[in-house]
Amino acid sequence: MPLTSFRKARAKEELRLILPEINEILESEPAVLRINPESIMLIGDIHGDLYALEFINGMRKKLGYKKILFLGDYVDRGTEGTEVLTKLFQMKLEEPEDVFLLRGNHETVDMNIYYGFFEEIGYDRDFLLEISRTYDVLPVAAVVSGHTFCVHGGINGTESVDSITKEGAFPYLWNDPSELPGLSRSSRGSTVREFGPDIVDGFLETNGLKRIVRGHTALRVGYEWWFDGKLLSIFSCPDYVGLGNAAAFALIRGGELKIITFEN
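Numbering of residues starts from 1 in each chain and follows the order in which that chain's sequence is written. With the structure being a predicted model, the display of local features is reserved for residues of pLDDT at least 70 and the display and counting of side-chain atom pairs for 80 or more, all residues being used for whole-chain, interface and lining totals. Side-chain numbers here rest on the full set of heavy atoms in the structure, without hydrogens or water.

Student: What's the story with the side chain of His 106 in this structure? I'm lost.
Tutor: Strands here are runs of E lasting at least two residues and helices are runs of H or I lasting at least four, both read from the DSSP assignment and numbered beginning at the N terminus. Along the polypeptide, His 106 turns up in the loop between β4 (99–101) and α4 (109–115). We call a residue buried when its accessible area falls under 20% of the maximum for its residue type, exposed when it is over 50%, and partly exposed in between, using a 1.4 Å probe and counting protein chains only. Given the relative accessible area of 5%, His 106 is considered buried. Beyond its immediate stretch of four places on either side in the chain, His 106 contacts His 47, Asp 73, Val 75, Asp 76, Met 111, Asn 112, Tyr 115 and Tyr 135. Any pair of residues with heavy atoms lying within 4.5 Å of one another is described as a contacting pair.

Student: Teacher, can you tell me more about helix α8 (residues 197–207) here?
Tutor: Residues that lie three or four places apart on an α-helix share one face, since the helix turns once every 3.6 residues. Listing the buried residues of α8 in full gives Ile 199, Val 200, Gly 202, Phe 203, Leu 204 and Asn 207. Tucked inside the fold, the buried residues of α8 contact β6 (148–151), β8 (183–186), β9 (189–195), β10 (211–214) and β12 (231–234). Remark: Gly 208 follows α8 within two positions and exhibits a positive phi of approximately 65°.

Student: Could you clarify how one ought to interpret the packing of aromatic side chains in this entry?
Tutor: To describe a pair of aromatic rings, one takes the distance between the centres and the angle between the planes. Classification of ring pairs uses Phe, Tyr and Trp, with its six-membered ring standing for Trp, and accepts pairs whose centres are within 6.5 Å; under 30 degrees between planes counts as stacked, over 60 as edge-to-face, and the remaining range as tilted. Throughout the structure, instances matching the rule amount to eight aromatic pairs. On the numbers, 5.4 Å between centres and 85° between planes, the contact of Phe 118 with Tyr 123 is edge-to-face. When the ring of Phe 170 is compared with that of Trp 174, the centres are 5.9 Å apart and the planes differ by 25°; the resulting orientation is stacked. One end of the pair is Phe 170 and the other is Trp 174, both in helix α7 (residues 170–174) and four residues apart, which spans about a single turn. On the accessibility criterion, Trp 174 (13% relative accessible area) is buried.

Student: How should the pattern of salt bridges be read in this particular structure?
Tutor: For side chains of opposite charge, pairing can occur when their charged atoms come near one another. In the sections that follow, a salt bridge refers to a side-chain nitrogen of Lys or Arg positioned within 4 Å of a carboxyl oxygen of Asp or Glu. Counting across every chain of the model gives twelve salt bridges. As a salt-bridge pair, Lys 92 and Glu 29 come within 2.6 Å of each other at their nearest N and O atoms. Here Lys 92, found in helix α3 (residues 81–94), pairs with Glu 29, found in the loop between α1 (3–27) and β1 (32–35); they are 63 residues apart in sequence, far enough to count as distant. Take Lys 92 and Glu 29: they sit in the same class, and that class is buried. With a shortest N-O distance of 2.7 Å, Lys 230 and Asp 201 are connected by a salt bridge. Residue Lys 230 is found in the loop between β11 (223–226) and β12, and its partner Asp 201 is found in helix α8; the two are separated by 29 residues along the sequence. A relative accessible area of 29% means that Lys 230 is categorised as partly exposed.

Okay, structure coming up:
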């Protein structure tokens, strides 16, 4: 067996062994996490980039941040999704009260089949189904310190966060912001919606929140502000599929938000 194939097989088996324990922890967590830290790091899409994850973990240690929240999209597009998942799950097992993992739209079987992870795991359907059971129990969103709503994709109207369920995760994994008012159709597909500034205002007012932080969108400089600072998009995978983009993550301390960018 070639060395690369051996490493992949070993990484896959390592991941398989920790799934039962990680499932138990994730099943115990609600669809919407309530996190009240003194400070926290918010991380966007990783997409199988182990370098990006290692850089982020190094910065976490350097900056002295204990709490860290990942906004989803851990696999596909990149070549080290197995290693990224394994590392994230190990972190969660070691620090269950400090490491938080949300679900992204690539934490789904349909996306994995077409965008790389299924090939990475050797087209192993049984293993993909095992992983899908873990995807299904990941939290969908988080409210940080009572003021910041964190999610992978977006919102689905002016609903209460209490109405969000793991079974109804789809719009929160897929929807995007738009300058158009209301909920409008998306180029991502017929079941996906874009939400406008009025929807964001209504959602924040309904839930007594200050802002939304989300991932889901590759960005040239790694982040983008929308709606006069009410919504922030971050993307934490540099040079995503060769686009040459920078990456970013956010820090919240004492209610203030700061962005740090990085490149390959």
